[in-house]
Amino acid sequence: PRSALAVEAGGRWHTWWSTGRAPARWTEEAAALSRRVAWRPAQPGVEWGELRLSGRGEAWRLRVILVRLDPARVRLVLRDSTRAAGTRGAWTVAAAQREAVLALNGGQFRGADPWGWLVQGGRERQAPGSGPLSMALVADAAGGIRLVEVDSIPAVRERGGVVEALQSYPTLLEGDGEVPLPLRGEGDGVDLAHRDSRLAVGELRDGRILVALTRFEGLGGVLSELPFGLTIPEMAALMGALGCRKAVSLDGGISGQMWLRQADGGEHRWEGLRRVPLGVVVLPRGSPR
């Protein structure tokens, strides 16, 4: 479907992407949107910023909350929680540890169980799921955090050293900034027209990790938790324009939620309307599990 996205800068709206001139591959030179972000320090190795976007239909006013992580200074752990009956997820960002610097919900799920590959504390709890548009977020024993494409997951499992891993879909960017072919044309099993609030994680070319959460800002922001927002191709464009070489969607919609702690103890919280089975928690490097 035809659409366009504009960013607010200096009190004016500037169109930076449209379906008529959407790149099939996002290069470092094309990542002009990243230069529009006024990054603010939150914690050592953690910065955050915001953008205001305008798109078509339900995306006419959106706020994008961005968090940039340096894996050399933080580490990632996965937390799971289900209700006593084991039929529904029970985790929210409110369950984040006191020493956490960032928390967000995990990937897609089925009932009370996360979908796809799941490793926690070095123990594989679920085998990888099948799906050509899936990707894994992996933290290894050396302290690295990276995105692994689905075809590379078997080799990563065989090498070992994976401490935490979750798998999600759909992939937004693969290779070195390439938009997957199913996101560029109808009829490949991906709904390219559906609008929703989105949550995604990306890998920047310098090795840092970027998290992006969208929020509806119409009507003064009082309905920010409504599932209004970007299409999947638009979210891929956002991650590419912010400088990501790889990116994957996490669970968005009414599940999307994030919490951030500042160095002075102040907190920022963007709630979701649904509890989920799996959360991603970012801790300072060297902190206890």
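Here's what I pulled together on the structure shown here. (Residues numbered from 1 in each chain as written. Predicted model: local features only at pLDDT ≥ 70, side-chain atom pairs only at ≥ 80, totals over all residues. Heavy atoms only, no water.)

## Digging into the pattern of salt bridges
As a reminder, the rule being used: What makes a salt bridge here is a side-chain nitrogen of Lys or Arg within 4 Å of a carboxyl oxygen of Asp or Glu, nothing more. Each helix is a run of DSSP H or I of at least 4 residues and each strand a run of E of at least 2, with the numbering of both proceeding from the N terminus. Exposure categories follow from relative accessible area, calculated using a 1.4 Å probe and restricted to protein chains: below 20% of the type maximum is buried, above 50% is exposed, and the middle band is partly exposed.
In the structure shown here, the tally under the stated rule is 20 salt bridges. With its nearest N and O atoms 2.9 Å apart, the salt bridge here joins Glu8 to Arg52. Linking Glu8 in strand β1 (residues 4-9) with Arg52 in strand β4 (residues 46-54), this pair joins segments that are 44 residues apart in sequence. Here Arg52 falls in the partly exposed class, since its relative accessible area comes to 23%. Between Arg269 and Glu267 there is a salt bridge whose closest N-O contact spans 3.8 Å. Residue classification places Glu267 among the partly exposed residues on the basis of a relative accessible area of 44%.

## Digging into the layout of surface pockets
Going by this rule: Here the term cavity refers to a set of points on a 1 Å grid, laid over the protein atoms alone, in which a 1.4 Å probe fits but cannot get out; the term pocket refers to an open set having protein on both sides within 12 Å along at least five of seven lines, with lining residues being those that place an atom within 4 Å of a point. Grid points are joined across faces, edges and corners, and a volume is the space filled by probe spheres set on the points. For this classification, Asp, Glu, Lys and Arg are treated as charged, while Ala, Val, Leu, Ile, Met, Phe, Trp, Tyr, Cys and Pro are nonpolar and the rest, including Gly, are polar.
Considered as a void within the structure, the largest pocket measures approximately 330 Å³ in volume. For the largest pocket, the lining is made up of 21 residues, of which Trp17, Thr19, Leu183, Arg184 and Pro233 are closest to its centre. Counting residues per element, the lining of the largest pocket draws most heavily on helix α2 (residues 232-241), which supplies four residues. Its residues placed into classes, the lining of the largest pocket shows twelve nonpolar, four polar and five charged. Considered as a void within the structure, the second largest pocket measures approximately 290 Å³ in volume. Lining the second largest pocket are 19 residues, with Gln108, Tyr169, Pro170, Arg198 and Ile232 sitting closest to its centre.

## Observations regarding α2
The element α2 is largely enclosed, with a buried count of ten among its ten residues. Of all the positions in α2, only Ile232, Pro233, Glu234, Met235, Ala236, Ala237, Leu238, Met239, Gly240 and Ala241 are classed as buried. Following α2 by one or two positions, Gly243 adopts a phi angle in the positive range, close to 100°.

## Examining the environment of Arg75
Within the secondary structure, Arg75 is located in strand β6 (residues 74-80). Spatially, the C-alpha atom of Arg75 lies 19 Å from that of Arg205, the residues being 130 residues apart in sequence.

## Notes on empty space enclosed by the protein
According to the stated counting rule, one finds one cavity of 30 Å³ or more in the structure shown. In this structure, the largest cavity encloses a volume near 60 Å³. Surrounding the largest cavity, Leu69, Leu76, Leu102, Leu104, Leu137, Val201, Ile209, Val211, Leu250, Val280 and Val282 form its lining. Residues belonging to the lining of the largest cavity are distributed by class as follows: eleven nonpolar, no polar and no charged.

## Details of unusual backbone geometry
In this structure, Pro170 follows Tyr169 across a cis peptide bond, with omega equal to -5°. Mapped onto the elements, Pro170 comes out in the loop between β14 (162-168) and β15 (171-173).

## Looking at the sheet that holds β14
Hydrogen bonds between backbone atoms are what pair the strands of a sheet, whose relative direction is either parallel or antiparallel. Note the following rule: Two strands form a pair only when DSSP identifies at least two bridges running between them. Helix axes are fitted to C-alpha atoms over the stretch in contact, other axes to C-alpha atoms as well, and angles between N-to-C directions run from 0 to 180 degrees.
With antiparallel pairing, the five strands of this open sheet are ordered in space as β11-β10-β14-β12-β13. Strands with a single pairing partner mark the edges of an open sheet, and in this sheet they are β11 (123-126) and β13 (145-149). Within this sheet the neighbouring strands show an average axis-to-axis angle of 30°, counted without direction. Sheet analysis places strand β10 (residues 118-120) next to β14, joined by two bridges and oriented antiparallel.

## Observations concerning the packing of aromatic side chains
The condition is simple: In this analysis, rings of Phe, Tyr and Trp, with Trp reduced to its six-membered ring, are considered paired at centre separations within 6.5 Å, and the interplanar angle assigns stacked below 30 degrees, edge-to-face beyond 60, and tilted for intermediate values. In this analysis the charged atom, NZ for Lys or CZ for Arg, is taken to sit over a ring once it is within 6 Å of the ring centre and within 35 degrees of the ring normal.
Tallied over the full model, the rule gives three aromatic pairs. Judged by centre distance (6.2 Å) and plane angle (55°), the rings of Trp48 and Trp270 are tilted. Of this pair, Trp48 sits in strand β4 while Trp270 sits in strand β20 (residues 267-270), placing them 222 residues apart in sequence. Trp270 carries the same exposure label as Trp48, and that label is buried. Between the aromatic rings of Trp115 and Tyr169, the centroid separation amounts to 4.9 Å while the plane-to-plane angle is 85°, which identifies the pairing as edge-to-face. With Trp115 in the loop between β9 (113-114) and β10 and Tyr169 in the loop between β14 and β15, the pair connects residues that are 54 residues apart, well separated along the chain. Over the face of the ring belonging to Trp48 we find Arg40, whose NZ or CZ atom lies 4.0 Å from the ring centre. If you follow Arg68 out to its NZ or CZ, it ends over the ring of Trp39, 4.1 Å from the centre.

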